[in-house]
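Architecture and fold: a report
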Amino acid sequence: MLVLLAGGAGYIGSHTAVELMAAGHDVIIVDNYSNSCPEAVERIAELAGRPVQAYEADVKDKAAMLAIFQQNKVDCVIHFAGLKAVGESVRKPLEYYRNNIDTTLTLLEAMRECGVPSIVFSSSATVYGEENPYPYIETMPHGSCSNPYGWTKSMMEQILEDAAKADPGLSVVLLRYFNPIGAHASGRIGEDPQGVPNNLMPYVAQVAVGRRDHLTIFGNDYPTPDGTCRRDHIHVVDLADGHVKAVEYAASHKGAEVFNLGTGTPYSVLEIVHAFERNSEKSVKFEFGPRREGDLAEFWANADKAAAVLGWKAERTLDDMCRDTWKWQSMNPQGYRSESE
Ligand code: NAD
Ligand code: UDP
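Report follows, based on the coordinates. (Residues numbered from 1 in each chain as written. Chains lettered and ligands numbered in written order. Predicted model: local features only at pLDDT ≥ 70, side-chain atom pairs only at ≥ 80, totals over all residues. Heavy atoms only, no water.)

**Points about the sheet that holds strand β4 (residues 76-79)**
Basically, it comes down to this: A pair of strands counts as paired when DSSP detects no fewer than two bridges linking them. Elements are defined by DSSP. Helices are runs of H or I of four residues or more, strands are runs of E of two residues or more, and each kind is numbered from the N terminus. Axes, fitted as lines to C-alpha atoms, cover a helix only where it is in contact. Angles between the N-to-C directions of the axes lie from 0 to 180 degrees. Contacts: residue pairs with any heavy atoms within 4.5 Å of one another.
On the basis of which strands lie adjacent, the open sheet formed by 7 strands has the order β3-β2-β1-β4-β5-β6-β11 and parallel pairing. Either end of the sheet is taken by a strand with one partner, and the two such strands are β3 (53-56) and β11 (255-261). Taken over all neighbouring pairs, the strand axes of this sheet differ in orientation by 20° on average, direction set aside. Pairing of strand β5 (residues 118-124) with strand β6 (residues 171-177), which is carried by 7 bridges, proceeds in the parallel orientation. Looking at β6, one finds that Ser-124 is bridged to Tyr-177. Where helix α8 (residues 236-251) meets the sheet, it contacts β1 (2-6), β4, β5, β6 and β11, and its direction lies at approximately 165° from that of β6.

Here's what the structure looks like:
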């Protein structure tokens, strides 16, 4: 199949591109490089052992998207092209609603005009909101989100489900990611946040490599076994493999389906720090700070549906996640910039 990856130069898109190509599919990447760089595309091609067609374009640009769909007979789109920083979304809600909603509408319109039959969407566990009990299961209602980023995901799911209801020829797969971490085992591609990382794992990795002095752990008085928050961390290559299964599933189904992509096992912030130290043989200096506003104490996935329907299950361990993150970070201390600048 020919799969168009909107936002495919980013963290999850780059790993998915490699796994799709390894499974025998072809990919096209469309990215405006607002949170990534062309070097990532070079490295995807290097890992895949064949060239990758990439377009520098804004997915909100309908004329550009129509031209790309007219030039290429795309079988499926994966929509990764979103802004994703929770805190920034609180400060810049209009930018988040504009980019995330508009990319989705533009893709759906251009797909309809060009007869592209299926779309896989990067959703998030954040749509379960603050009220649902864990483990989260797909049949639970959307909850109320604590920030504009979460609301964009919730709204985009609704838009995609409505589009599938109205168009019997359209297949929609909504993938709710839990907490992706890790990197390709080669160390050639990985997560490369701009500025100070918001998420735990890239922060830990930057402390270990000497780019940051210490980690602040946001709260140690939660009602969890060690007092720090717990999350369902999933290896990004397992997540990428879930996309391969989702693309193949979408080709033979119509309507909208939603799947959790998680491991079903939560780890605490302290467990992550200690596992990272073990796997990197570096010490990670940390101190406890106040809770971060909006954080939930803990949540994790019920991932049974993906196993039963897609035949997908996360295989990689927490040690794999830490070892591969460290390989990427130690080989690329400044991210992609170390080679591209
Ligand atoms: P990322 O920022 O690394 O990748 C997103 C890519 O989209 C970037 O390359 C960026 O340049 C591109 N992009 C953004 N807006 C664009 C536009 N208008 N036109 C063209 N390209 C555009 O993020 P990621 O971690 O790979 O996440 C991918 C998707 O998964 C996002 O939608 C994100 O919200 C979602 N998600 C991520 C996580 C996570 O923890 N990383 C968790 C749940 C959901
Ligand atoms: N966290 C932390 N320090 C950091 C970043 C994150 O203690 O510098 C904690 C955060 O409070 C949460 C967990 O790590 O409990 C995972 O946070 P992340 O932002 O990676 O993912 P989230 O689940 O919030 O999307």
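**So, the pattern of salt bridges**
Put simply, the rule is: Salt bridge, as used here, is a side-chain nitrogen of Lys or Arg placed within 4 Å of a carboxyl oxygen of Asp or Glu.
As enumerated under the stated definition, the model contains 23 salt bridges in all. A salt bridge links Asp-26 to Arg-50, with the nearest nitrogen and oxygen atoms 2.7 Å apart. Residue Asp-26 is found in strand β2 (residues 26-31), and its partner Arg-50 is found in the loop between α2 (38-48) and β3; the two are separated by 24 residues along the sequence. A salt bridge links Lys-92 to Glu-88; the shortest N-O distance between them is 3.8 Å. Put simply, Lys-62, Glu-109 and Glu-113 are held in one network by salt bridges that share partners.

Keep in mind that these numbers describe shape and distance, not what the molecule does.
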